[in-house]
Amino acid sequence: METKKILPSVVCGFGAAVLTTVPGIKNIGCCLIVPVGAFMSLFLDNKINKSLPPIDFKKAIAFGILTGIFAAFFSTFFDVLITFISHTNDYIDALPQTESLMNSYKLTGPLFDQTISMLRSMAKQIQVNGFSPLYTFMIFVTNIIIDLIFGILGGLLGMSYLNKRNQP
């Protein structure tokens, strides 16, 4: 792909990532902001390249995937950066409730103990160093999966809307 074709996805993925790091908006980021970002990347691509309608299925999915990947990459970067600076995040705040929920299921055994130990170890690394490699990996994988799914949906919805809008 040429730079002209990737640039709208980079810009919209970056914008989506910035918005998904804002507390309060963060909760609706994956299911609203990322699809809108994929839609906007298709819209910007049509404006920049003066593409003729209709937008095909492959192009919509490609822009959805690219926007989702860039949104996941940038949102992970911002999350890790904010965690590194503040030495805390939502994970640290939710860990006691997670432990209590796991204990309420009355799970016992070495696997349960190792899981709790690993969760506490990640929390301690974040509180002491501001960084945990395992936490970063888990956040990145989660963001990739969720943002790809919603990016593809946004690309397909954007294709549908832009094709209907450009009909004679």
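Residues numbered from 1 in each chain as written. Predicted model: local features only at pLDDT ≥ 70, side-chain atom pairs only at ≥ 80, totals over all residues. Heavy atoms only, no water.

Explain the overall build of the protein here, please?
Along the protein, the regular secondary structure elements total 6 helices and 0 strands. Whereas a compact globule of 168 residues would reach a radius of gyration of roughly 15 Å, the protein reaches 19 Å, over 25% beyond that. Along the first, second and third principal axes, the C-alpha set of the protein runs to 65 × 35 × 30 Å. A total of 168 residues make up the protein; the buried ones form 36% of that total. In the protein, the share of contacts with a sequence separation of at least 24, taken over all contacts with a separation of at least 6, comes to 77%. Approximately 10000 Å² of the protein is accessible, and the part contributed by carbon and sulfur atoms is 71%. One finds the centroid of the 12 positive side-chain charges in the protein at a distance of 11 Å from the centroid of its 9 negative side-chain charges. (Helix = DSSP H or I, 4+ residues; strand = E, 2+ residues; numbered from the N terminus. Rg over C-alpha atoms; globule rule 2.2 N^0.38 Å. Buried < 20%, exposed > 50% of the residue type's maximum accessible area, 1.4 Å probe, protein only. Contact = heavy atoms within 4.5 Å. Areas by Shrake-Rupley, 256 points an atom, 1.4 Å probe, with all protein chains shown as cover. Lys, Arg positive; Asp, Glu negative; His and termini not counted. Charge placed at Lys NZ, Arg CZ, Asp CG, Glu CD.)

In this structure, what is going on with unusual backbone geometry? I would like to understand it.
Glycine aside, the phi torsion of most residues is negative, and most peptide linkages are trans. The phi dihedral of H87 is positive, around 60°, even though this residue is not glycine. Tracing the backbone shows H87 in the loop between α3 (57-86) and α4 (90-104). Under the relative-accessibility criterion, H87 is labelled partly exposed at 27%.

Help me out: how do you make sense of a positive patch on the surface in this one?
Taken together, the side chains of K4, K47, K50 and R165 make up a positively charged region of the molecular surface. Of note, R165 is situated in helix α6 (residues 133-165). With a relative accessible area of 43%, R165 lands in the partly exposed category. (Patch = residues over 30% accessible without salt bridge, like charges linked within 9 Å, V, L, I, M, F, W, Y side chains within 5 Å. Salt bridge = Lys/Arg side-chain N within 4 Å of Asp/Glu carboxyl O.)

How should the pattern of salt bridges be read in this particular structure?
When the charged atoms of two side chains with opposite charge come close together, those side chains can pair. Per the counting criterion, the structure on display carries 2 salt bridges. A salt bridge links D45 to K59; its shortest N-O distance comes to 2.7 Å. Here D45, found in helix α2 (residues 29-49), pairs with K59, found in helix α3; they are 14 residues apart in sequence, far enough to count as distant. The exposure class assigned to D45 is buried, which follows from its relative accessible area of 2%.

Got a minute to help me understand the packing of aromatic side chains in this structure?
Within a pair of aromatic rings, the relevant descriptors are the distance that separates the centres and the angle that separates the planes. This structure, assessed with the given rule, holds 6 aromatic pairs. With a centroid separation of 5.6 Å and 65° between ring planes, the pair formed by F39 and Y161 is classed as edge-to-face. One end of the pair, F39, is in helix α2; the other, Y161, is in helix α6, with 122 residues separating them in the sequence. Of the residues examined, Y161 reaches a relative accessible area of 46% and is grouped as partly exposed. Summarising the aromatic geometry, the rings of F73 and F74 are spaced 5.5 Å apart at their centres and angled 65° between planes, so their arrangement reads as edge-to-face. (Phe/Tyr/Trp six-rings, centres within 6.5 Å; stacked < 30°, edge-to-face > 60°.)

Can you walk me through a nonpolar patch on the surface in this structure?
Together, F73, M118, L134, F137, M138, F140, V141, I145, I146, I149 and L153 give the surface a local cluster of nonpolar side chains, amounting to about 940 Å² of exposed area. It is α6 that provides the largest number of residues to the nonpolar patch, a total of 9 residues. Along the chain, the position of F137 falls in helix α6.

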